[in-house]
Structures are given as C-alpha cells and as structure tokens.
Amino acid sequence: MNPEQQQLAPHGRHQQALLAELEEFYDAVPRKGARAEDFGPLTLFVREGEGWPFYARPTLGWTGAPATAEDVRRVLARQRELGLPESFEWVAEHTPGLRAAIEQAGLAVHEHPLLVLPEAGDGPAPDLLPDGVRARVLGADDPALAGAVAAPNLAFAEPGTAIGKAGPAELAEAALQAVAEGAVERAAARIGAGVAAVAAVVEDGSALCSGQYQRVGPVCEIVGVGTLPSARRRGLGLAVTAALVADARARGVRTVFLSAADEDVARIYRRAGFRNTATALIAEPTS
C-alpha cells in the first residue's frame with residue numbers, strides 16, 4: 001500500500017461503516033408501519049394503515065447475486081397489483097450495480113446529494129441564522145403542529161428558492177386538510193413515541209417553515225424541511241435545521257443526515273456544517 005492509499009484507507013473504512021449504518025436505518029424506518037415482502041435482492045415495503053406509501057429497497061445483508069432487471073420487473077408488477085407507486089430508493093455507493101438494472105427495467109433515476117453532519121457537529125452556527133429568527137421543537141399538542149405538518153406540502157408544490165404565492169391563507173386551508181386526512185394525528189403519535197420530532201418557525205400563529213426528523217436509535221434523518229413560498233429567502237430553513245439538530249443531539253443521536261433536493265440546496269446545508277457523503281437515488285416511471 002502506497003502512502004496515498006494509507007491516507008485514504010481510514011476514510012474508506014469510516015465511509016463503509018457509515019454507509020452500513022445508514023442501510024440499517026433505511027431498512028428499519030419502514031418496518032415500523034409496513035410489512036416487508038421478499039424479492040431476493042430487493043425488499044418491497046407495503047404500508048399497513050394510512051400514511052405515506054413506501055417503496056422497494058435493496059435487501060439488507062443480501063449476499064447473493066445482484067439484482068437484475070427481471071428482479072426489478074417482478075417488484076414493479078407487485079407494486080402495480082397493489083396499486084402502489086412504482087418507486088425504488090437506495091444509496092448509489094452501497095449498491096452500485098442496482099442502477100443499471102433499474103434503468104434496464106425502464107425507470108428513470110434521480111440523484112440527490114446525501115449529506116451527514118460530523119459527530120461533533122452542532123448544526124448551523126448562530127451567525128448563519130438571521131437576527132431574531134428562531135425555530136422551536138413542537139410538542140404533540142402544540143397548536144402550531146397542524147400548520148407545521150402542512151407547510152412543506154405547500155413548499156414542495158412550488159419548488160425552487162424564489163419567493164412564491166402561497167402564504168398564511170393557503171396554509172390555514174392546508175392545515176385543515178392535514179387534520180382531516182389524519183396527518184397531524186399521525187405526526188403527534190410519532191412525536192409522543194419519541195421516534196420523530198417536528199420543528200417550526202412560527203410567526204403570528206403561522207408555521208412559516210417547518211421540518212422533522214425520524215429516528216432509529218442513535219441515527220436520525222432530517223426530512224421535509226420546507227418554507228412557505230411567500231416567506232422564502234429569510235434563512236428559515238437553517239433555523240429549523242438548527243433546532244432539529246439540537247434536539248437530536250440532546251436525545252443522544254450520534255449520526256444526523258439528510259438528502260438534499262439538488263446541488264443548490266446541498267450547498268446551503270454544507271454551509272451549515274453537513275458534508276457530502278454519498279448519493280441517494282430514487283427511481284420512478286419516466287412518465
């Protein structure tokens with residue numbers, strides 16, 4: 001082993017251990033609300049009850065032959081039979097051969113930077129946050145929870161970082177819908193069980209920005225950070241991220257990670273101390 005390889009080896013070992021830890025997390029999260037159907041190198045998670053539908057992933061600990069396009073087609077047929085979204089999620093660096101099989105089966109693959117906060121990291125530094133803007137972690141009975149659950153939906157309906165149209169009036173309507181659909185009740189139950197946390201920047205009773213993390217033991221993933229389109233470009237996303245990181249660390253979480261929508265969003269999180277670690281891939285039908 002030459003000197004350059006000696007320098008890279010420890011990083012490589014750490015990377016492999018981290019990827020293995022993330023794989024265990026990705027496998028554990030859907031099992032809390034779904035049944036797992038075995039397709040050899042692939043596992044299909046089928047949600048039981050109400051909530052966001054799950055997807056297929058590489059089978060944890062699989063040591064047999066890599067997945068083929070035919071394996072992918074078998075899962076797709078089952079998803080169609082059940083009326084589920086035709087969706088696969090995996091980490092490119094952990095299962096590098098799956099992309100070719102997925103594409104051969106006719107799906108489009110989308111790349112998302114996967115970033116991890118170093119174990120000693122505390123999230124965005126105070127000087128990165130706008131003056132006077134603070135996010136708080138919401139309790140299961142917080143009156144702002146409905147708006148916090150609904151805000152990201154409005155954010156993702158108007159993608160990008162430009163200031164948009166949806167504001168407090170649209171949020172109030174979306175919050176009522178979230179309550180009616182049971183999304184707020186499910187979020188409250190997850191908060192009460194200690195497997196999730198929701199944080200928001202609340203102003204005049206409206207959640208201008210919110211996000212959450214889902215936790216399995218010492219690992220958590222920050223998900224769904226979204227800013228009400230009319231409130232963009234105020235640094236609110238970083239404030240929510242800071243609150244989530246602080247809460248996770250206080251609860252003993254060692255590994256905090258997230259997937260960014262694109263490189264522009266990843267750049268913001270890198271400013272907050274996160275580091276590119278891998279590439280999260282999502283496969284869906286081309287049309």
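Being a predicted model, the structure only gives us computed values, none of them experimental.

Colleague: Quick rundown of the nonpolar core? Include the residues and the values.
Modeller: Membership of the largest hydrophobic core comes to 53 residues, with the highest contact counts inside it found for Leu 145, Ile 222, Val 240, Val 256 and Phe 274. Among the elements that make up this core, the one with the highest residue count is helix 7 (residues 236-250) (eight residues). With near-sequence residues (within four places) excluded, Ile 222 lies in contact with Gln 212, Tyr 213, Thr 241, Leu 244, Val 245, Val 256, Phe 257, Leu 258 and Phe 274. Residues Val 46, Val 75, Leu 76 and Leu 281 belong to the second largest nonpolar core, which totals 20 residues.

Colleague: Now, about the environment of Gln 79: what can you tell me, with residues and values included?
Modeller: Within the fold, Gln 79 resides in helix 2 (residues 69-82). Residue class for Gln 79 comes out buried when judged on its relative accessible area of 0%. Placed 35 residues apart in sequence, Gln 79 and Leu 44 show a C-alpha to C-alpha distance of 8.3 Å.

Colleague: Give me the lowdown on the pattern of salt bridges, citing residues and values where you can.
Modeller: According to the stated counting rule, one finds 16 salt bridges in the structure shown. Salt-bridge contacts for Glu 37 lead to Arg 78; the nearest nitrogen and oxygen are separated by 2.8 Å. Of this pair, Glu 37 sits in strand 1 (residues 34-39) while Arg 78 is found in helix 2, placing the two residues 41 residues apart along the sequence. Ionic pairing is found between Arg 99 and Glu 103, a salt bridge with its closest N-O pair at 3.1 Å. Of the two residues, Arg 99 and Glu 103 both sit in helix 3 (residues 98-104), four residues apart, roughly one turn of that helix. Taking relative accessible area as the criterion, Arg 99 reaches 25% and is therefore assigned partly exposed. Note on Glu 103: relative accessible area 40%, which makes it partly exposed. Among the charged side chains, a network of salt bridges with common partners joins Arg 35, Glu 37, Arg 78 and Glu 81.

Colleague: Describe the pairing of strand 1, and please don't skip the residues or the numbers.
Modeller: As paired strands, strand 1 and strand 2 (residues 42-47) are joined by six bridges and run antiparallel to one another. For Arg 35, the partnering residue across the bridge sits in strand 2 and is Val 46. In this structure, the hairpin formed by strand 1 and strand 2 is closed by a connection of two residues, where Gly 40 is found at a positive phi of approximately 70 degrees.

Colleague: I'd like a rundown of the confidence of the model for the protein, residues and numbers included.
Modeller: Of the residues in the protein, 92% reach a pLDDT of 70 or more, and the chain-wide mean stands at 91. Confidence drops under pLDDT 50 across residues 1-10; counting only partners more than four residues distant or on other chains, this segment forms two contacts.

Colleague: Summarise the packing of helix 4 (residues 145-157) against helix 6 (residues 183-193); cite the residues concerned and give the values.
Modeller: The geometry of helix 4 relative to helix 6 is characterised by a closest axis approach of 9 Å and an angle of 110 degrees between their N-to-C directions. On the basis of their axis angle, the class for helix 4 and helix 6 is roughly perpendicular. Of the residues in helix 6, those in contact with Leu 145, Ala 146 and Val 149 of helix 4 are Ala 183, Val 184, Ala 187, Ala 188 and Ile 191. The residue makeup of the contact of helix 4 with helix 6, split by class, is eight nonpolar, no polar and no charged.

Colleague: Any details on the packing of aromatic side chains? Residues and values, ideally.
Modeller: For the structure shown, the criterion picks out five aromatic pairs. Measuring from ring centre to ring centre gives 5.6 Å for Tyr 26 and Phe 257, while their planes differ by 80 degrees; the resulting arrangement is edge-to-face. Placement of Tyr 26 in helix 1 (residues 3-31) and of Phe 257 in strand 10 (residues 255-259) is noted, with a sequence separation of 231 residues between them. Considering the side-chain rings of Phe 54 and Tyr 55, the 5.8 Å spacing of their centres and the 90 degrees angle between planes classify their relative orientation as edge-to-face. Each member of the pair, Phe 54 as well as Tyr 55, carries the same accessibility label: buried. Taken together, Phe 25, Tyr 26 and Phe 257 form an aromatic cluster joined through their ring pairs.

Definitions and limits used
Residues numbered from 1 in each chain as written. Predicted model: local features only at pLDDT ≥ 70, side-chain atom pairs only at ≥ 80, totals over all residues. Heavy atoms only, no water. Core = buried A, V, L, I, M, F, W, Y, C linked by side-chain atoms within 4.5 Å. Buried < 20%, exposed > 50% of the residue type's maximum accessible area, 1.4 Å probe, protein only. Helix = DSSP H or I, 4+ residues; strand = E, 2+ residues; numbered from the N terminus. Contact = heavy atoms within 4.5 Å. Salt bridge = Lys/Arg side-chain N within 4 Å of Asp/Glu carboxyl O. Pairing = 2+ DSSP bridges. pLDDT = per-residue confidence, 0-100. Axes fitted to C-alpha atoms, helices over the stretch in contact; angles between N-to-C directions. Parallel < 35°, antiparallel > 145°, perpendicular 65-115°, else oblique. Nonpolar A, V, L, I, M, F, W, Y, C, P; charged D, E, K, R; others polar. Phe/Tyr/Trp six-rings, centres within 6.5 Å; stacked < 30°, edge-to-face > 60°.

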